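Notes for the structure review
Chain by chain, the residues:
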Amino acid sequence: MRQTEERKQTILERLNRENRVYVSDLSQALEVSEVTIRKDLKELEERGALRRTHGGAANLEEKGAVEPSLDKLLQVHTEEKRAIARGAYKFLEDGDSLLLDASSTVRELAHLIRDGDRRELTLITPAIHGAQALSSCGQLQAIQLGGIVRRSLVTAMGPIATEDLRGLHVDKAFIGVNGIDPAVGLTTQNILECEVKRHIVEACTQSFVLADSSKMRCVALGVICPVGRADYIITDAEVSPAFAGKLEECGARVIVAE
C-alpha cells in the first residue's frame, strides 16, 4: 500500500511540473505496467486530484478554455520569452516579408525588430499594438490586418482577418500557442484566433512557433495544426530533451534558445 501511495505521489509531482502526463511515459519511468498506471490515474481522478485524458491525465487547472489577458501573459515567463524572441530574431534577413501574431512571446520579437538592424522588412500582423509600435520604424513597412477586435489581446480576428490572410504569402511567420502536444498538435484557447493562426502558418514559406516550456504537453480548446506543420519550434532550456525528441519525430525542428 505504501509503495502504491508513493507512486501516486510521484505521478502528482510530475503532473504539477508538466501539466500533462502520459500512461506510456509513467509506465516506463515507474517500472510498472500501463494497467497499473491507468488504475492509479482512475483513483487519483476519483479523489479530485487530476483529470484523465486520452492516453494520460492533465492538471485540473489545464481546462483549455480560459483566456488570459495580454497584461497577465506579459508578466509570466518573461525572461524565457525574451530568450526565445532573441533566438527567433537570428532567423530574420534583410528584405524578409513576415507575419507575426499577437501572442506575448511574438510581441517580444516585435520589440527586437523595432530596435534591431534588419532592413527593408515587410511586417504584417493582426496585433493592433504591434502595428502601432512598428509603424514609425523606417527600416520596415507595417501592415495591419482587419477584423473583429479581441480585447484581451488587442488583436484582429474573425472572417475579415482570415480572408485577408488567404491572399498573402510571406517568407516567415511567427506564432505563439497555448499548448503543444505530439498527439493533438498546436493549440490555443480562442476558436476565432485559432483560425487566424492556422491561416498564418499556411501563408508562409517557413513557420516558427515561439513557446516557452510551460506550454509543452498542454492542450487547449482549438487545434491550430499538427506539430509537424511547423518548421521550427523555439523554446527555452527547461524543455525535456525526451519531449523535444518527440516533437522532432513529428517533423518540427526544436531549437532551445540560449
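Quick look at the structure, then.

1. Observations regarding the packing of aromatic side chains
Within the structure shown, the criterion is met by 4 aromatic pairs. Between the aromatic rings of Phe 208 and Tyr 232, the centroid separation amounts to 4.9 Å while the plane-to-plane angle is 10 degrees, which identifies the pairing as stacked. One end of the pair, Phe 208, is in strand 12 (residues 204-210); the other, Tyr 232, is in strand 14 (residues 232-235), and 24 residues separate them in sequence. Both residues of the pair, Phe 208 and Tyr 232, count as buried. Within the aromatic cluster, the residues linked to one another by ring pairs are Phe 91, Phe 174, Phe 208 and Tyr 232. Its guanidinium or amino end placed over the ring of Tyr 22, Lys 246 lies 5.9 Å from that ring's centre, counting from NZ or CZ.

2. Quick word on the pairing of strand 9 (residues 170-175)
With respect to burial, strand 9 is a largely interior element, 5 of its 6 residues being buried. Bridge count for strand 9 against strand 12 is 5 bridges, and the pairing is parallel. Bridge pairing in strand 12 places Val 170 opposite Cys 204.

3. Considerations on the packing of helix 8 (residues 159-166) against helix 9 (residues 191-202)
Look at helix 8 against helix 9: their axes get within 9 Å of each other, and the N-to-C directions meet at 5 degrees. Taken as axis vectors, helix 8 and helix 9 run roughly parallel relative to one another. In contact with Ala 161, Thr 162, Leu 165 and Arg 166 of helix 8, helix 9 contributes Glu 195, Val 196, His 199 and Ile 200. Its residues assigned to classes, the contact of helix 8 with helix 9 shows 4 nonpolar, 2 polar and 2 charged.

4. Concerning the nonpolar core
Counting residues in hydrophobic clusters, the biggest one holds 32 residues, and the most contacted among them are Leu 99, Val 177, Ile 180, Leu 186, Val 209, Ile 233 and Leu 247. Put simply, the parts of the chain that give this core at least two residues each are helix 8, strand 9, helix 9, strand 12, strand 13 (222-225) and helix 10 (241-249). If one sorts the elements of this core by residue count, helix 9 sits on top with 4 residues. Apart from residues no more than four positions distant in its own chain, Ile 180 is found in contact with Gly 185, Leu 186, Val 209, Ala 211, Lys 215, Met 216, Arg 217, Cys 218, Val 227, Ile 233, Phe 243 and Leu 247. Within the second largest apolar cluster, 24 residues are counted, among which are Ala 85, Tyr 89, Leu 121 and Phe 174.

5. What to know about unusual backbone geometry
With a phi angle near 55 degrees, Glu 120 is a residue other than glycine that sits in the positive phi range. Along the polypeptide, Glu 120 turns up in the loop between helix 6 (104-115) and strand 5 (121-125). The backbone of Arg 217 shows a phi angle near 70 degrees, a positive value even though the residue is not glycine. Following the sequence through the fold, Arg 217 ends up in the loop between strand 12 and strand 13. On the basis of relative accessibility, which here comes to 7%, the residue Arg 217 falls in the buried class.

6. Concerning the side chain of Asn 178
With respect to the helices, strands and loops of the structure, Asn 178 is situated in the loop between strand 9 and strand 10 (179-181). A relative accessible area of 19% means that Asn 178 is categorised as buried. At 2.7 Å, the side chain of Asn 178 forms a polar contact with the side chain of Thr 188. Setting aside chain neighbours within four positions, we find Asn 178 in contact with Thr 187, Thr 188, Gln 189, Lys 215, Cys 218 and Ala 220.

7. Side note on the pattern of salt bridges
As a working rule, side chains carrying opposite charge can pair if their charged atoms are close by. Scanning the entire structure with this criterion turns up 18 salt bridges. One salt bridge in this structure joins Asp 40 and Arg 7, with 2.5 Å as the shortest N-O distance. Placement of the pair is Asp 40 in helix 3 (residues 34-46) and Arg 7 in helix 1 (residues 2-18), with a sequence separation of 33 residues. Residue classification places Asp 40 among the buried residues on the basis of a relative accessible area of 2%. Owing to a relative accessible area of 13%, Arg 7 belongs among the buried residues under this scheme. The partner of Arg 217 in a salt bridge is Asp 25, and the shortest N-O contact between them spans 3.3 Å.

Here is what the cut-offs are and how they apply
Residues numbered from 1 in each chain as written. Predicted model: local features only at pLDDT ≥ 70, side-chain atom pairs only at ≥ 80, totals over all residues. Heavy atoms only, no water. Phe/Tyr/Trp six-rings, centres within 6.5 Å; stacked < 30°, edge-to-face > 60°. Helix = DSSP H or I, 4+ residues; strand = E, 2+ residues; numbered from the N terminus. Buried < 20%, exposed > 50% of the residue type's maximum accessible area, 1.4 Å probe, protein only. Lys NZ or Arg CZ within 6 Å of the ring centre and 35° of its normal. Pairing = 2+ DSSP bridges. Axes fitted to C-alpha atoms, helices over the stretch in contact; angles between N-to-C directions. Parallel < 35°, antiparallel > 145°, perpendicular 65-115°, else oblique. Contact = heavy atoms within 4.5 Å. Nonpolar A, V, L, I, M, F, W, Y, C, P; charged D, E, K, R; others polar. Core = buried A, V, L, I, M, F, W, Y, C linked by side-chain atoms within 4.5 Å. Polar contact = N/O pair within 3.5 Å; in protein donor to acceptor, adjacent residues only side chain to side chain. Salt bridge = Lys/Arg side-chain N within 4 Å of Asp/Glu carboxyl O.

Taken by themselves, the reported measurements are silent on function.
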